[in-house]
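Secondary and tertiary structure notes
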Amino acid sequence: MRLSIGIFALCATVAVAYAVPAAADDCEAIVSASLKQASVPYRGDMTITQTGQQPTKAQTVYMVNKLYTQVNGQWTVTPMNQQQLAQQINDSMKKGNISCKKIGQDSVGGEAATVYTAHNVQQGATVDTKSWISNGRNLPLKSESHIRVGSGGQTIQMTLNYTNVSAPAGVK
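What this report covers is the structure whose coordinates are included nearby. Predicted, not measured: the structure shown is a model, and the values here were computed from it.

1. Remarks on the overall build of the chain
Scanning the chain for helices and strands turns up three helices and nine strands. In sequence order, the chain lays out its α and β elements as α-α-β-β-β-β-α-β-β-β-β-β. Looking at the chain residue by residue over its 172 residues, the buried ones come to 44%. Split by element, the accessible area of the chain, about 8400 Å² in all, is 48% carbon and sulfur.

Next up, the structure:
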């Protein structure tokens, strides 16, 4: 379930790690936004759909040093290290056969964004991700990842919020 509950930076890491070379600058834009995101708190609301199953709602709250994840009403806490996360993102860029492509402009919640796609096949998985990155803040606003492994797979749709983010009450 780790891949399912990843924060955008992890989804972006997946996208970058599992991405076919188009324009290096396009992948660099995704990496830049992911690295910036690793340094700020945010909340991610997700819908995870696995092949043959009903969609699952999930939420992540990233507080730079901890990742809180709620799936099926249960919260878990994972210690996070901003430097390690940044290193994962950079390492992912170096691995695999990565391709990213800028596909246009859109908006998320009224905020202008550039839309990118990323594709990769690595370790038996194929991952295609579409990412909306804020034009003004250079932060990810939304992502849709399609992950296929063998005959199964899952789709993760995530919308991100960076305002008034706090750790879930009562979760340690």
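That covers the picture; the talk isn't over yet.
2. Examining the nonpolar core
In this structure, Tyr-62, Leu-85 and Tyr-162 are the most contacted members of the largest nonpolar core, which totals 24 residues. Those elements that place two or more of their residues in this core are strand S1 (42–50), strand S2 (56–62), strand S3 (66–71), helix H3 (82–94), strand S6 (111–122), strand S7 (125–134), strand S8 (140–149) and strand S9 (152–161). Counting nine residues, the second-largest nonpolar core is a separate cluster that includes Cys-27, Ala-29, Ile-98 and Cys-100.

3. Details of the packing of aromatic side chains
For any pair of aromatic rings, the description consists of the separation of the ring centres together with the inter-plane angle of the planes. Per the stated rule, a full pass over the model turns up two aromatic pairs. With a centroid separation of 5.1 Å and 35 degrees between ring planes, the pair formed by Tyr-42 and Tyr-62 is classed as tilted. Of this pair, Tyr-42 sits in strand S1 while Tyr-62 sits in strand S2, and the two are 20 residues apart along the sequence. Accessibility classification places Tyr-42 together with Tyr-62 in one group, the buried group. Both rings, one in Tyr-42 and one in Tyr-162, keep their centres 5.7 Å apart while their planes meet at 55 degrees; by these two values the pair is tilted. One end of the pair, Tyr-42, is in strand S1; the other, Tyr-162, is in the segment after S9, and 120 residues separate them in sequence. Here Tyr-42 matches Tyr-162 in class, with each residue buried. Here the aromatic residues Tyr-42, Tyr-62 and Tyr-162 are joined through ring pairs into a cluster of three or more.

4. Focus: the pairing of S2
Looking down a regular strand, the side chains alternate between one sheet face and the other. Of all seven residues in S2, five are buried, a share of seventy percent or more. In this structure, S1 lies alongside S2, joined through seven bridges in antiparallel fashion. Across the sheet, residue Ile-48 finds its bridge partner in S2, namely Thr-56. Between S1 and S2, which pair antiparallel and follow one another directly, the connecting turn spans five residues, one of which, Gly-52, has a positive phi of 80 degrees.

Cut-offs applied
- Residues numbered from 1 in each chain as written.
- Predicted model: local features only at pLDDT ≥ 70, side-chain atom pairs only at ≥ 80, totals over all residues.
- Heavy atoms only, no water.
- Helix = DSSP H or I, 4+ residues; strand = E, 2+ residues; numbered from the N terminus.
- Buried < 20%, exposed > 50% of the residue type's maximum accessible area, 1.4 Å probe, protein only.
- Areas by Shrake-Rupley, 256 points an atom, 1.4 Å probe, with all protein chains shown as cover.
- Core = buried A, V, L, I, M, F, W, Y, C linked by side-chain atoms within 4.5 Å.
- Phe/Tyr/Trp six-rings, centres within 6.5 Å; stacked < 30°, edge-to-face > 60°.
- Pairing = 2+ DSSP bridges.

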